[in-house]
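Coordinate inspection notes
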2 protein chains.
Amino acid sequence: MSFDVEFYFDFSSPYGYLASCQIDDLALRYGRGVNWRPMMLGVAMKQTGGQPLLHIPLKGEYSTHDLARTARRLDIPFTIPEQFPINSLAASRAFYWIDDNYPERSRNFAKAAFRMFFGEGSDISMPMVVADIAESLGVDRKALMLGLMDSDVKNRLRMETNIAVERGVFGSPFILVDGEPFWGADRLNDLEHWLDVGGW
Amino acid sequence: MSFDVEFYFDFSSPYGYLASCQIDDLALRYGRGVNWRPMMLGVAMKQTGGQPLLHIPLKGEYSTHDLARTARRLDIPFTIPEQFPINSLAASRAFYWIDDNYPERSRNFAKAAFRMFFGEGSDISMPMVVADIAESLGVDRKALMLGLMDSDVKNRLRMETNIAVERGVFGSPFILVDGEPFWGADRLNDLEHWLDVGGW
């Protein structure tokens with residue numbers, strides 16, 4: 001199986017969450033694996049001058065409506081959490097620490113963190129909440145809490161974010177397949193068609 | 001046939017063009033007609049603080065790529081015109097003047113203007129070019145040129161734009177069906193599903 005579907009997202013991105021519920025199954029239908037790559041969207045958005053989506057007049061109200069509608073259509077549990085948007089540093093750093101120490105669990109951690117945040121409204125900006133999620137997946141809680149403060153882990157997230165920006169990533173979700181960029185949960189149909197026919 | 005699919009667009013919007021090539025056929029599959037409503041996107045964008053899409057760093061480059069890719073997939077002729085973006089006042093005013101005087105020709109005028117601009121790269125900000133397009137559809141050229149300067153026509157476009165903003169329109173294309181909003185050419189799949197099942 002080739003793993004060259006690169007899935008960039010920020011844990012604070014609701015459309016990133018909707019994509020996260022679909023991307024693995026979609027890629028698998030075409031024999032592809034997915035590299036999950038959390039990053040700090042705020043860094044990318046400095047380049048585009050973008051604002052947090054749901055705070056923009058008109059566009060924010062529309063997007064809130066569209067998110068709920070899309071989640072209903074896909075039968076995905078969805079809420080706008082009370083604490084939103086959040087600082088996703090703890091969740092993102094936890095992902096990379098888990099990816100280094102329990103490589104087979106990092107993806108499940110990402111799915112569980114997204115689900116706790118946008119499915120149940122828990123505040124995943126808090127390291128304790130992140131540790132709870134990781135612990136439920138069999139991760140050593142104490143080691144993870146230390147890992148979150150490790151400068152190697154902080155640098156890793158910074159480096160992954162820089163790589164993303166260099167590759168042109170400016171939003172979440174942002175998917176690269178064989179170098180081809182797809183921005184937005186609403187591009188999954190196009191992505192699927194691309195995987196199906198091998199580009200056009 | 002019910003005509004309650006409201007299709008809002010700006011003639012300077014490339015995603016509006018892509019939607020314009022699909023919207024009538026899509027609605028017709030569900031026995032619906034479409035009200036074509038050009039408006040001044042700049043007025044709506046004052047509310048959202050939006051920038052012209054293709055001028056935004058990273059996002060602009062991505063969108064240029066995505067537009068060409070989407071047009072290829074849909075087999076729609078597409079180019080980014082040399083003069084772009086343009087002031088679409090002349091084309092929009094012409095639309096409403098034709099809609100009043102040759103109601104059965106306004107939609108074909110809109111399609112032809114979009115096609116001349118994004119299909120062939122002609123500068124439809126120029127009243128002479130707009131008049132050429134209208135004349136080719138059997139519209140009285142001289143009467144139209146006078147109409148473009150008529151304050152009633154100017155007010156009509158202003159009014160239609162205000163109505164759009166009041167209805168929450170902040171982008172192009174923006175489609176309302178039975179009050180339900182769909183923003184972006186990438187929401188046509190959702191719109192189709194909505195027409196198919198009557199909402200969800």
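Figured I'd write up the structure that's included with this text.

Rules behind the numbers
- Residues numbered from 1 in each chain as written.
- Chains lettered and ligands numbered in written order.
- Predicted model: local features only at pLDDT ≥ 70, side-chain atom pairs only at ≥ 80, totals over all residues.
- Heavy atoms only, no water.
- Helix = DSSP H or I, 4+ residues; strand = E, 2+ residues; numbered from the N terminus.
- Rg over C-alpha atoms; globule rule 2.2 N^0.38 Å.
- Buried < 20%, exposed > 50% of the residue type's maximum accessible area, 1.4 Å probe, protein only.
- Contact = heavy atoms within 4.5 Å.
- Areas by Shrake-Rupley, 256 points an atom, 1.4 Å probe, with all protein chains shown as cover.
- Lys, Arg positive; Asp, Glu negative; His and termini not counted.
- Charge placed at Lys NZ, Arg CZ, Asp CG, Glu CD.
- Buried area = accessible area lost by both parts, 1.4 Å probe.
- Salt bridge = Lys/Arg side-chain N within 4 Å of Asp/Glu carboxyl O.
- Polar contact = N/O pair within 3.5 Å; in protein donor to acceptor, adjacent residues only side chain to side chain.
- 1 Å grid on protein atoms, 1.4 Å probe; cavity = no way out; pocket = protein on both sides within 12 Å on 5 of 7 lines; lining within 4 Å.
- Points joined across faces, edges and corners; volume = space filled by probe spheres on them.
- Nonpolar A, V, L, I, M, F, W, Y, C, P; charged D, E, K, R; others polar.
- Least-squares fit on C-alpha atoms with pLDDT ≥ 70 in both.
- Pairing = 2+ DSSP bridges.
- Core = buried A, V, L, I, M, F, W, Y, C linked by side-chain atoms within 4.5 Å.

Describing the overall build of chain A
Regarding its fold elements, chain A presents ten helices and four strands. Tracing chain A from N to C terminus, the helices and strands come up as β-α-α-β-α-α-α-α-α-α-α-β-β-α. The C-alpha radius of gyration computed for chain A amounts to 16 Å, which stays within 12% of the reference 16 Å derived for 200 residues, consistent with globular compactness. Considering only C-alpha atoms, chain A reaches an extent of 50 × 40 × 35 Å along its principal axes. When each of the 200 residues of chain A is scored for burial, the buried share is 55%. Considering only contacts in chain A between residues 6 or more positions apart, those separated by 24 or more positions represent 72%. With the model as given, the accessible surface of chain A reaches about 8800 Å², and the carbon-plus-sulfur share is 50%. Averaging the locations of the 20 positively and 27 negatively charged side chains of chain A gives two centres separated by 2 Å.

Here we look at the interface of chain A and chain B
One widely used convention gives an interface's size as the accessible area the parts lose upon coming together. Counting residues at the interface gives 29 residues for chain A and 29 residues for chain B. Here chain A packs against chain B, burying approximately 2900 Å² in sum over the two surfaces, 54% of which is carbon and sulfur. Between chain A and chain B we count eight salt bridges in total. Between Arg73(A) and Asp190(B) there is a salt bridge, with its nearest N and O atoms 2.5 Å apart. At the junction of chain A and chain B, the tally comes to 18 residue pairs in polar contact (both at pLDDT 80 or more). Of all the secondary-structure elements, those providing two or more residues to the side of chain A that touches chain B are helix H3 (41–48), helix H4 (59–74), strand S4 (180–183) and helix H10 (188–197) of chain A. Considering each element in turn, the side of chain A that touches chain B owes the most residues, eight residues, to H4(A).

Overview of the layout of surface pockets
Considering only enclosed or pocket space, the second largest pocket measures out at about 380 Å³ in volume. If you go around the second largest pocket, you meet 18 residues; those closest to its centre are Gln22(A), Leu74(A), Ala185(A), Leu188(A) and Asn189(A). Listing elements by their share of the lining of the second largest pocket, those giving two or more residues are helix H1 (14–20), H4 and H10 of chain A together with helix H10 (188–197) of chain B. For the lining of the second largest pocket, a count of residues per class yields six nonpolar, four polar and eight charged.

Here's the deal with the environment of Trp97(A)
Residue and element names in this part refer to chain A. Here Trp97 shows up in helix H5 (residues 89–101). Taking the relative accessible area as the measure of exposure, Trp97 reaches 10% and is therefore buried. Considered as a pair, Trp97 and Leu176 are 79 residues apart in the sequence and their alpha carbons are 23 Å apart. Other than its neighbours up to four places away in sequence, Trp97 contacts Tyr102, Val139, Asp140, Ala143, Leu144, Gly147 and Val153.

Some thoughts on the relation of the copies chain A and chain B
Rotating chain A by 180° and translating it 0.0 Å along the rotation axis places it on chain B, where the RMSD comes to 0.0 Å. Both copies of the chain, as the preceding transformation shows, are related through a two-fold rotation axis. Nearest to the rotation axis, the C-alpha of Asp186(A) is located 3.1 Å from it, this being the minimum over chain A. A shared interface surface links the copies, since 100% of the contact residues of chain A are contact residues in chain B too.

Describing the pairing of strand S3 (residues 174–177) of chain B
Residues and elements named next belong to chain B. Because side chains alternate across S3, one face comprises the buried residues Phe174 and Leu176, and the other comprises Ile175 and Val177, equally buried. In this structure, S3 lies alongside strand S4 (residues 180–183), joined through four bridges in antiparallel fashion. Within S4, the position partnered with Val177 by the bridge is Glu180. Counting the residues between successive antiparallel strands, the hairpin from S3 to S4 contains two residues, one of them, Asp178, with a positive phi of roughly 50°.

Thoughts on the nonpolar core
Ranked by size, the top nonpolar core spans 54 residues in total, and within it Phe11(B), Ile23(B), Phe109(B), Ile124(B), Leu144(B) and Leu191(B) carry the most contacts. No other element matches the seven residues that helix H5 (residues 89–101) of chain B contributes to this core. Beyond its immediate sequence surroundings of up to four residues, Phe109(B) is in contact with Phe11(B), Ala91(B), Ala94(B), Phe95(B), Ile98(B), Val130(B), Ile133(B), Ala134(B) and Leu137(B). Formed by 53 residues, the second largest nonpolar core is a distinct cluster that contains Phe9(A), Phe109(A), Phe114(A) and Val153(A).

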